[in-house]
Amino acid sequence: MTRSTRPALTPPPWPRRRFIGALAAAAAAPAAAQFRVEITGIGGNQIPVAIATFRDEASAPVPVAAIVRADLQRSGLFRIVDAGGSFDENSRITVAEWRGRGADALAVGSVSRLADGRYDVRFKLWDLVKGEELVGQSHAALPADMRLAAHRIADSIYQNLTGERGVFSTRIAYVTRAGGRYSLHVTDADGEGGQIALASPDPIISPAWAPNGKELAYVSFESQKAVVWLQDVLSGQRRMLANFRGSNSAPAWSPDGRELALTLSRDAVAQLYLISRDGGTPRRITNSQAIDTEPVFTPDGRQIYFVSDRGGGPQIYRMPADGGSAERVSFSGSYNISPAISPDARTLAYITRQGSAFKVMVQELSGGTPIAITDTNDDESPSFAPNGRLLVYTSRAGGRDVLMTTTLDGKIKSRLLTTGADMREPAWGPFGR
Amino acid sequence: MQHTRRTFSGAVLAVALGALFAGCSTTKLDEAAPVESRNVPADGSSATGGAGGPGTAQSSVATVDLSKQGTGAATGLLAQRTVFFDFDSFVVKDEYRPMLEAHAKVLSANRGKRMTLEGHTDERGGREYNLALGQKRADAVLRSMVLLGVQEMQLEAVSFGEEKPAVPGSDEAAWAKNRRVELKDR
């Protein structure tokens, strides 16, 4: 984080109206979803920021300032400074007083109900070091989008203070199992505001977001075998993408969204194929006597990383996306699976087995040493946030599968909302929805 | 792993297609009771033994799933429908040969008959990799049955990976029961 190089931003004209209510993020988020942040670890070099409770936010269906604070905290880049007192975007800010409280930045705002039922959410961000206003915004949001409005404020703060895009308004898909039922959930990046995209008596695994954030591919066992489906998130419309003889699994979208890589057993136990998003005949791209699975495209779409046990145990390999010879990428350990590539293509995350433990590893692709970033023993399925700053993964705590986020250095971890169900197979969606 | 231990496809039942019937160590249907998969004993004690074998425990109960067996209850070797595997192994052990031969004979005699071979792993490791490992086990059983004269088109090898354990638990006893291929009529 290079705060000193931050450009001095000219405040935009205020009030600037952005209507996000029109984004039909389906109906009915629960009014007051339970709110809890469990964060472990201390990051160095965090920006101390104060987020005052928004004036009249108690009238809104969600606690706006608390959501913003938790988002910023979870990112690992901010330290929350207490902002006791009543303020809004019109309050006179005494910079020296806030500096005295130890804050480098301050967000203040208000919530007010509009005649049409929406909420007007306003906020202003102060750079206390420079003593200037960085941004002032006003959003009109439907009640069901108030959580999204809060995440967008957190994104704005994040971007203005770090120069990078925030991921708080992105979404995560994951699978729960409870009472013998399986559900594919789509939630905000903080695990809240969840909605169910698919409910099934049979297992669901390997959800994968289309690059446009509108569709999910996943594997469902509803026909008593593994079949790859595509589903439009907003409408719920779904169709089979791959239902060939044997198993069909591990879908991965190409960055242009036009085709998917997947694992089929139609010709051999498990080999990689490419198939158009519209279906049709799959084209085989690996030809090994071994298991090849878990493909994932590099961000430029030119290479595929995947898991193969052609050398004995499962290891991570890479190959040209249209086929060709593969080279091994993982060398330490005898069991390395579930590769994920960061959006900047610099970092590989994967799961390694150490003894009987499974841990999240991070490795610089330019040739760094793999580093274990968790101290838990049952980690699965790492997935990068679209800005590459966080990973979400499955771990185990209290006899349940839980979802965790972590910074890439492993220093700041946060457990997403616990529901009492097993939560697994997380897939972090792209920017935009 | 005890190969005398029996699991039955009925034990897995997620389908509420029909009632399951419990009979006492033979396939005689003298008692009928709906059974849920969750009620299947997880421990080895009541699952050991099996219909017809020597030294069968007197208190053992064999489940016959009529919804899966088609006409009547299969007896003897045909009642066996599960192949268990050693850890990290895909070798169909010789002890399953008589059972596979019996099923192969039925399939060879009736070319219209179809069977699904459903591979499973224990819970350890990644879900997708385990799906492929289960597929490899199912494929190994398929190859064995093709060698015994079954036409490949009569069989489909599929996998559930670690998703449908036969028994719950996170110890070797449970894992051994979950590393399996189930033979299911279609």
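Residues numbered from 1 in each chain as written. Chains lettered and ligands numbered in written order. Predicted model: local features only at pLDDT ≥ 70, side-chain atom pairs only at ≥ 80, totals over all residues. Heavy atoms only, no water.

Student: Would you explain the overall build of chain A in this entry?
Tutor: Across its full length, chain A carries three helices and 31 strands. Across the 433 residues that make up chain A, the buried fraction comes to 58%. Of the contacts formed within chain A by residues at least 6 apart in sequence, a portion of 46% connects residues at least 24 apart. Of the roughly 16,800 Å² of accessible surface on chain A, a fraction of 48% belongs to carbon and sulfur atoms. (Helix = DSSP H or I, 4+ residues; strand = E, 2+ residues; numbered from the N terminus. Buried < 20%, exposed > 50% of the residue type's maximum accessible area, 1.4 Å probe, protein only. Contact = heavy atoms within 4.5 Å. Areas by Shrake-Rupley, 256 points an atom, 1.4 Å probe, with all protein chains shown as cover.)

Student: Looking at this structure, how should I read the overall build of chain B?
Tutor: Per the secondary structure count, chain B includes five helices and six strands. Going from N to C terminus, chain B has its helices and strands arranged as α-β-β-α-β-α-β-α-β-α-β. Counting all 186 residues of chain B, 45% fall into the buried class. Here the contacts in chain B between residues at least 6 apart in sequence split such that 73% fall between residues at least 24 apart. Accessible area for chain B stands at about 8,500 Å²; split by element, carbon and sulfur atoms hold 55% of it.

Student: Even after reading the chapter, I still don't get unusual backbone geometry, so can you show me in this structure?
Tutor: Residue and element names in this part refer to chain A. Unlike most non-glycine residues, Ser206 shows phi in positive territory, near 55°. Tracing the backbone through its elements, the reader meets Ser206 in strand β11 (residues 204-209). Given a relative accessible area of 11%, Ser206 falls into the buried group. The backbone phi angle of Glu425 is positive, close to 55°, even though this residue is not glycine. With respect to the secondary-structure elements, Glu425 resides in strand β31 (residues 422-428). Owing to a relative accessible area of 6%, Glu425 belongs among the buried residues under this scheme.

Student: How do you make sense of the nonpolar core when you look at a structure like this?
Tutor: Counting residues in each nonpolar core, the largest one holds 32 residues, and the members touching the most others are A:Ile51, A:Phe54, A:Leu72, A:Leu125, A:Met146, A:Ile157 and A:Leu161. Going through the elements one at a time, β3 (47-51), α1 (64-74), β5 (105-113), β6 (119-127), β7 (132-141) and α3 (146-162) of chain A are the ones with two or more residues in this core. Judged by nonpolar contacts, the second largest core, of 30 residues, contains A:Ala270, A:Val307, A:Val362 and B:Tyr129. (Core = buried A, V, L, I, M, F, W, Y, C linked by side-chain atoms within 4.5 Å.)

Student: So what exactly am I meant to see when it comes to the interface of chain A and chain B here?
Tutor: It is common to give the size of an interface as the accessible area lost on bringing the parts into contact. With 32 residues of chain A at the contact, the number on the chain B side is 22 residues. Summed over both partners, the interface of chain A with chain B buries about 2,300 Å², with 57% contributed by carbon and sulfur atoms. Taken together, chain A and chain B are joined by five salt bridges. With its nearest N and O atoms 3.9 Å apart, the salt bridge here joins A:Asp401 to B:Arg127. For the side of chain A that touches chain B, the secondary-structure elements that each account for two or more residues are β11, β15 (248-253), β19 (292-297) and β31 of chain A. When grouped by side-chain class, the residues that make up the side of chain A that touches chain B number 16 nonpolar, seven polar and nine charged. (Buried area = accessible area lost by both parts, 1.4 Å probe. Salt bridge = Lys/Arg side-chain N within 4 Å of Asp/Glu carboxyl O. Nonpolar A, V, L, I, M, F, W, Y, C, P; charged D, E, K, R; others polar.)

Student: Mind showing me how you'd approach the confidence of the model for chain B here?
Tutor: Parts of the prediction with low pLDDT should not have their coordinates interpreted in detail. Residue and element names in this part refer to chain B. Looking at chain B as a whole, the pLDDT averages 75, with 61% of positions reaching at least 70. The low-confidence segment residues 1-53, where pLDDT is below 50, has 84 contacts with residues more than four positions distant or belonging to other chains. Model confidence for the complex is summarised by a pTM of 0.80, with the ipTM given as 0.87. (pLDDT = per-residue confidence, 0-100.)

Student: Would you take a moment to explain the environment of A:Ala52 for this structure?
Tutor: Residue and element names in this part refer to chain A. In this structure, Ala52 sits in the loop between β3 and α1. In this structure the C-alpha to C-alpha distance between Ala52 and Phe306, which are 254 residues apart in sequence, comes to 46 Å. Residue contacts for Ala52: discarding those within four places in its chain leaves Ala65, Arg69, Ala83, Phe87, Ala107 and Val108.

Student: So what exactly am I meant to see when it comes to the packing of helix α3 (residues 97-109) of chain B against helix α4 (residues 127-147) of chain B here?
Tutor: For any two helices packed against each other, the geometry comes down to the angle between their axes and how far apart the axes lie. All names here are of chain B. Interhelical geometry of α3 versus α4 gives an angle of 65° and a closest axis separation of 9 Å. Where α3 crosses over α4, the handedness of that crossing is right-handed. For the pair formed by α3 and α4, the contact residues are Leu100, His103, Ala104 and Leu107 on the first element and Val141, Ser144 and Met145 on the second. Here the contact of α3 with α4 is built from residues that sort into five nonpolar, two polar and no charged. (Axes fitted to C-alpha atoms, helices over the stretch in contact; angles between N-to-C directions. Left-handed = near helix turned anticlockwise from the far one by under 90°.)

Student: Before we go on, may I ask you to explain the packing of aromatic side chains in this structure?
Tutor: Each pair of aromatic rings is reported with the distance of its centres and the angle of its planes. Evaluation of the coordinates by the stated rule reveals seven aromatic pairs over all chains. With a centroid separation of 5.5 Å and 85° between ring planes, the pair formed by A:Tyr158 and A:Phe168 is classed as edge-to-face. Of this pair, A:Tyr158 sits in helix α3 while A:Phe168 is found in the loop between α3 and β8 (171-178), placing the two residues ten residues apart along the sequence. The same class applies to A:Tyr158 as to A:Phe168, namely buried. Aromatic ring contacts, followed pair by pair, group A:Phe78, A:Tyr158 and A:Phe168 into a single cluster. Above the plane of the ring of B:Trp175 lies B:Arg124, whose end atom (NZ or CZ) is 3.7 Å from the centre. (Phe/Tyr/Trp six-rings, centres within 6.5 Å; stacked < 30°, edge-to-face > 60°. Lys NZ or Arg CZ within 6 Å of the ring centre and 35° of its normal.)

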